[in-house]
Amino acid sequence: MANLVRIVIQLPEELKHQLDALKQQGYTASGFIRAMLERELSKHTPAPSPVLQVVPHKKRIARA
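All residue numbers refer to position in the chain's written sequence, counted from 1. Reporting of local features is limited, given that this is a predicted model, to residues whose pLDDT is at least 70; pairs of side-chain atoms are given and counted only at 80 or more, and all residues count toward the totals for whole chains, interfaces and linings. For the side-chain quantities, the full set of heavy atoms in the structure was used; hydrogens and water were omitted.

Caption draft 1: Inspection of the overall build of the protein at higher detail. The helix and strand inventory of the protein stands at two helices and zero strands. For the protein, whose C-alpha radius of gyration is 26 Å, the value lies well above the compact-globule estimate of 11 Å for 64 residues. In terms of overall dimensions, the protein has a C-alpha envelope of 90 × 30 × 20 Å along the principal axes. When the accessible area of the protein is evaluated, it comes to approximately 7100 Å², of which 59% is carbon and sulfur surface. Neither His nor the chain ends is counted toward charge; the positive residues are Lys and Arg and the negative residues Asp and Glu. In plain terms, the charge of a residue is placed at NZ if it is Lys, CZ if Arg, CG if Asp and CD if Glu. Side-chain charges of the protein comprise 10 positive and 5 negative groups, with the mean position of each set lying 27 Å from the other. Each helix corresponds to a stretch of at least 4 residues labelled H or I by DSSP, and each strand to a stretch of at least 2 residues labelled E; elements are numbered beginning at the N terminus. The globule rule used here is 2.2 Å times the number of residues to the 0.38 power, and the radius of gyration it is set against is calculated over C-alpha atoms. Methods summary: accessible areas were calculated by the Shrake-Rupley approach with a probe of 1.4 Å, and residue burial reflects only the protein chains presented.

This is the structure in C-alpha cells:
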C-alpha cells in the first residue's frame, strides 16, 4: 500500500454519532471515509490538458 498520511477534520456531533454507529456494523471511520473519498474523487477526474499545436509563422509578402 502507498505511504499513508494523517489528516485531522472537524465534524458536527451528529456526523460523529453516525460514524460511531458504523463501528457497530464493523466499519472503521478511517476505512469508511477513505472509501467514500476514493469513490467521490474518482468521479471528478481532471480534464485532459489542451494540446497546443505550434503553427509556423508565415512571412507576409509586401504587395506593390
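Caption draft 2: Layout of a nonpolar patch on the surface. Residues enter patches when they are more than 30% accessible in relative terms and free of salt bridges; like-charged ones are connected within 9 Å and nonpolar ones (Val, Leu, Ile, Met, Phe, Trp, Tyr) within 5 Å. Any Lys or Arg side-chain nitrogen located within 4 Å of an Asp or Glu carboxyl oxygen qualifies as a salt bridge. The grouping of Val-5, Ile-7, Ile-9, Leu-11 and Leu-15 at the surface amounts to a nonpolar patch, some 500 Å² of accessible area in total. The buried label applies to any residue whose accessible area, calculated with a 1.4 Å probe on protein chains only, is under 20% of its type's maximum; exposed applies above 50%, and partly exposed to all values in between. Note on Leu-15: relative accessible area 39%, which makes it partly exposed.

Caption draft 3: Summary view of the pattern of salt bridges. Scanning the model with the defined rule gives two salt bridges in all. When the shortest N-O distance is used, the salt bridge between Glu-40 and Lys-43 registers 3.2 Å. In this pair, Glu-40 and Lys-43 are both assigned in helix α2 (residues 29–43), three residues apart and thus about one turn of the helix distant. For Glu-40, a relative accessible area of 32% translates into the label partly exposed. Using a relative accessible area of 56% as the deciding quantity, one classes Lys-43 as exposed.

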